[in-house]
Amino acid sequence: MMIIEIVGADAEAAGKSIADLTSSWGYQTEPAPTAEPANAPDTKGVDPVAVTSLIVSVPSAMLAVADIADRIHKRRRAGELIECAQQLRAQQAAARLMCEDRSVDLATLNPDQLLDLIADEPSAT
């Protein structure tokens, strides 16, 4: 499973945006076990009461790549997920991919970087 943490004043609505996108691909998200929210440097100075966090679990198969033809197809999905994260950023929310040893802001990646991150995660195989 791929874990995406959504942090923002309206994390529920932001999570729904990601869930709607992945369901259009035939994959369902589900709430992941609650964990400590990532401390992004860009969240300094934000009222902690106004910030909520939602963690969703997305099937790794959504972006895991088997061959070059599959990568071309999944690259489009990765681009759509990144575009969704960029739109959420404009709405004062952040979508972060929770990796084994760090978290990464989805809005800062390009599709190839996202696919490579997924491929490097042990749960993606």
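Structure first, text after, so check above.
What counts as what
- Residues numbered from 1 in each chain as written.
- Predicted model: local features only at pLDDT ≥ 70, side-chain atom pairs only at ≥ 80, totals over all residues.
- Heavy atoms only, no water.
- Core = buried A, V, L, I, M, F, W, Y, C linked by side-chain atoms within 4.5 Å.
- Buried < 20%, exposed > 50% of the residue type's maximum accessible area, 1.4 Å probe, protein only.
- Helix = DSSP H or I, 4+ residues; strand = E, 2+ residues; numbered from the N terminus.
- Salt bridge = Lys/Arg side-chain N within 4 Å of Asp/Glu carboxyl O.

Draft legend 1. Geometry of the nonpolar core. In this structure, I4, L63, L81, L97, L106 and L114 are the most contacted members of the largest nonpolar core, which totals 30 residues. At the level of secondary structure, the elements contributing two or more residues to this core comprise β1 (2-8), α1 (11-24), β3 (52-58), α2 (68-90), β4 (93-98) and α3 (111-120). A per-element tally of this core places α2 first, with 6 residues.

Draft legend 2. Representation of the pattern of salt bridges within the structure. Going through the model one piece at a time under the given rule, you end up with 8 salt bridges. The closest approach of N and O atoms between R76 and E80, which form a salt bridge, is 2.9 Å. You can see R76 and its partner E80 sitting in helix α2, 4 residues apart, about one turn around the helix. With relative accessibility at 43%, the residue R76 sits in the partly exposed group. Residue classification places E80 among the partly exposed residues on the basis of a relative accessible area of 27%. Residues joined by salt bridges that share partners form a network here, namely R71, R75, D112 and D116.

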